[in-house]
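Listed below are the residues making up each chain.
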Amino acid sequence: MQTRLASFLSFSWRSFRLATWLGWQIESNWADPFLFTIYSLIKPLSSAAILVIMYSIITKANFDSPIFPYIYLGNAFYMYVGHVMTGISWAVIDDREHYKTMKYIYTAPVHFPSYLLGRGVARFIIASISVVVTIVFGMLFLNISIDLTQVNWFFLY
Amino acid sequence: MATTVPTLPKASSWKLFFKTVFARAYPRIVGQQREKSWMFFDIFLPILSIAAYVYVYRAIGAPEEYIGFVVLGGAMTAFWLNVLWSMSSQLYWEKEQGNLALYIMAPSSMMAILLGMALGGMIATLLRAIVILFIGGWLFQVRFVVTDFWTLLLVFFLTMTALYGLGMMSASLFLLLSREAWHLANLAQEPIYLISGFYFPVKNLGFWLALSASLIPLTMGLDAMRQLVFPSAAQFGFLDVRIEVIGLSVLCFIFLLGARYLLNYMEKLSIQEGRLTESRR
């Protein structure tokens, strides 16, 4: 019984690990590294900047109001929703419609749910970079005070 | 017994040009209506995005005009997304799918193919933008008061011509790209929403930044439309509407001419070098 479980876990882990590597290659290495870096930084910052400008026009740049960090952090973490939701579903569309590899992968000896989860990890990593960049930008330039010692990390994750 | 082979009359010159425009526009318009679920999401998702910005404005106590600015800006995003994904990157997708060679081999002008793509996309997107505008206006109680209908129509026409001209021009540039075309198109979303003032008056970015952003036709187009649809928006306007009309006319000329030049250049380059991608790939 234990041997079967260990074998299943090893099988799933191998599928997940390789799919993660493949997903990352598709998302990052297939693009110019400079373009990919710009893409990963400019896109989330622009999205945050739209809200910052909207807020500063109306409130005359009153960034000390408690509603500002509320809006800013909400926007930053919302990036996970888009990236994670599209991460796995887009992998299916990409493999089936674009690369036409879905049937080969499905019939190959891989644990398919682990494979899909792995493909989604790349977008999760990109989303995490975007979230961190947005929050750090807010802390450095927009006076958003986050005391990292006060964060309840257990509940956050 | 001699058999006679029926011959079809061949279209030539302008007739061929317009037939090609129609032929390329047709699948765009019909294709958009085929998948009903796509139509629903194409309308529903932008409204969700508009709703998010509207509620942010309401939460911080913005004047009601700003809600109207967001609804109008949100409706116009449909055109930008169409230009970006279905114009600029279209020839790249066609290359990926193997259709580009057929287009080039066809005895017709590539300009006609691009124009057909633009017209078809514009009509299909216009229907969606109108629905988004009406639903958004109704949901958030926006009052549109058109002060000068004909100028509004002229501004819209010039904005669309310049915008799709930009799309036709960048379609040639995107041909040079390989897989990063997707990243580049994706990159031109939020930053353009930001600098073109889709959700706030572009005047707030400062004169020089707003002027630079005016190279994207939607910046001046949206600013002029806001001034013509919301009478109180004149105070938020970046430039006088008449200046913006002149600016948009200049952009139309530059982008359409640029599209023709770049298309010819790419064709010449591909004949000389025997490829259509950049050298490092």
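Relevant structure appears above.
The following paragraphs examine the structure supplied in this document. Because the structure is a prediction, the values reported are computed rather than measured.

Calculation criteria
Residue numbers run consecutively from 1 along every chain, following the written order of its sequence. Here chains are named by letter from A upward and ligands by number from 1 upward, in the order in which they appear as written. With the structure being a predicted model, the display of local features is reserved for residues of pLDDT at least 70 and the display and counting of side-chain atom pairs for 80 or more, all residues being used for whole-chain, interface and lining totals. Side-chain metrics rest on all non-hydrogen atoms present in the structure, leaving aside hydrogens and water. Each helix corresponds to a stretch of at least 4 residues labelled H or I by DSSP, and each strand to a stretch of at least 2 residues labelled E; elements are numbered beginning at the N terminus. Using C-alpha atoms as the atom set, the radius of gyration is obtained and then compared with a globule rule of 2.2 Å times the number of residues to the power 0.38. Type-normalised accessible area, obtained with a 1.4 Å probe on protein chains alone, sets the label of each residue: buried when under 20%, exposed when over 50%, and partly exposed for intermediate values. By the convention used here, residues are in contact when the closest approach between their heavy atoms is within 4.5 Å. In short, Shrake-Rupley with a 1.4 Å probe defines the accessible areas, and a residue's cover is counted only from the protein chains shown. For this count, His and the chain ends are skipped, Lys and Arg are scored as positive, and Asp and Glu as negative. The atoms used to mark charge sites are NZ of Lys, CZ of Arg, CG of Asp and CD of Glu. Take the buried residues of types Ala, Val, Leu, Ile, Met, Phe, Trp, Tyr and Cys, join any two whose side-chain atoms come within 4.5 Å, and each joined set is a nonpolar core. To define axes, lines are fitted to C-alpha atoms, for helices over the stretch in contact only, and angles between the resulting N-to-C directions are given on a 0 to 180 degree scale. Angles below 35 degrees are treated as roughly parallel, those above 145 as roughly antiparallel, those between 65 and 115 as roughly perpendicular, and all remaining angles as oblique. We call a crossing left-handed when the near helix sits turned anticlockwise from the far one by less than a right angle, and right-handed when that turn is clockwise. In this classification, the charged set is Asp, Glu, Lys and Arg, the nonpolar set is Ala, Val, Leu, Ile, Met, Phe, Trp, Tyr, Cys and Pro, and all remaining amino acids, among them Gly, are polar. Here the term patch refers to residues with relative accessible area over 30% and no salt bridge, with like charges joined within 9 Å and nonpolar side chains (Val, Leu, Ile, Met, Phe, Trp, Tyr) within 5 Å. We count a salt bridge whenever a side-chain nitrogen from Lys or Arg sits within 4 Å of a carboxyl oxygen from Asp or Glu. By buried area we mean how much accessible surface two parts lose on assembly, using a 1.4 Å probe and totalling the loss over both. Whenever two N or O atoms come within 3.5 Å, that pair is a polar contact, provided that in protein one can donate a hydrogen and the other can accept it, and provided that, for residues adjacent in sequence, both atoms are side-chain atoms.

In this section: the overall build of chain B. Along the backbone of chain B there are 12 helices and zero strands. Taken from the N to the C terminus, the helices and strands of chain B come in the order α-α-α-α-α-α-α-α-α-α-α-α. Expected size for 281 residues packed as a compact globule is a radius of gyration near 19 Å; at 21 Å, chain B falls within 12% of this value. Among the 281 residues that make up chain B, the fraction classed as buried is 52%. Across chain B, every contact between residues at least 6 apart in sequence was considered, and the portion connecting residues at least 24 apart equals 81%. Summed over all atoms, the accessible surface of chain B reaches about 14,300 Å², with 69% contributed by carbon and sulfur. In chain B, which carries 20 positive and 15 negative side-chain charges, the distance between the mean positions of the two groups comes to 8 Å.

Further remarks concern the nonpolar core. Core analysis: the largest hydrophobic core is formed by 102 residues, its most contacted members being Met54 of chain A together with Tyr57, Trp80, Tyr164, Phe198 and Phe200 of chain B. Each residue touching Phe200 of chain B, except ones within four places of it in the same chain, is listed here: Ile50, Ile53, Met54 and Ile57 of chain A together with Tyr57, Leu194, Leu205 and Arg226 of chain B. By size, the runner-up hydrophobic cluster in this structure holds six residues, among which are Met102, Ile105, Phe112 and Tyr115 of chain A.

Residue and element names in this part refer to chain B. Between helix α3 (residues 64–88) and helix α7 (residues 149–175), whose axes approach to 8 Å, the crossing angle comes to 25°. Relative to α7, α3 is oriented roughly parallel. The crossing of α3 and α7 is right-handed. Taking contact as the criterion, the partners of Met76, Phe79, Trp80, Asn82, Val83, Met87 and Ser88 in α3 are, on α7, Phe156, Met160, Leu163, Tyr164, Leu166, Gly167, Met168, Ser170, Ala171 and Phe174. Classifying every residue of the contact of α3 with α7 by side-chain character gives 13 nonpolar, four polar and no charged.

Residue and element names in this part refer to chain A. Taken together, the side chains of Leu41, Ile42, Val84, Phe124, Ile125 and Ile129 define a hydrophobic patch exposed on the protein surface, amounting to about 430 Å² of accessible area. Contributions of two or more residues to the nonpolar patch are made by α2 (33–59) and α5 (112–141). Here the element with the most residues in the nonpolar patch is α5; it accounts for three residues. For Val84, the location among the structural elements is in helix α3 (residues 67–98).

On to the interface of chain A and chain B. Taken together, the contact between chain A and chain B spans 25 residues of the former and 29 residues of the latter. Where chain A abuts chain B, roughly 2,400 Å² becomes buried across the two surfaces, and 76% of that area is made up of carbon and sulfur atoms. Counting the contacts that link chain A with chain B gives one salt bridge. In this structure, Lys43 of chain A engages Glu190 of chain B in a salt bridge whose closest nitrogen and oxygen atoms are separated by 2.7 Å. Linking chain A with chain B are one residue pair in polar contact (both at pLDDT 80 or more). Residue assignment for the side of chain A that touches chain B shows that the elements contributing at least two residues are α2 and α3 of chain A. Among the residues forming the side of chain A that touches chain B, the class breakdown is 17 nonpolar, four polar and four charged.

Residues and elements named next belong to chain A. Locating Ser15 in the fold gives a position in helix α1 (residues 2–29). Residue class for Ser15 comes out buried when judged on its relative accessible area of 4%. If we skip the residues at most four places from it in the chain, Ser15 touches Val110, His111, Ser114 and Tyr115.

Honestly, it's all geometry; don't read function into it.
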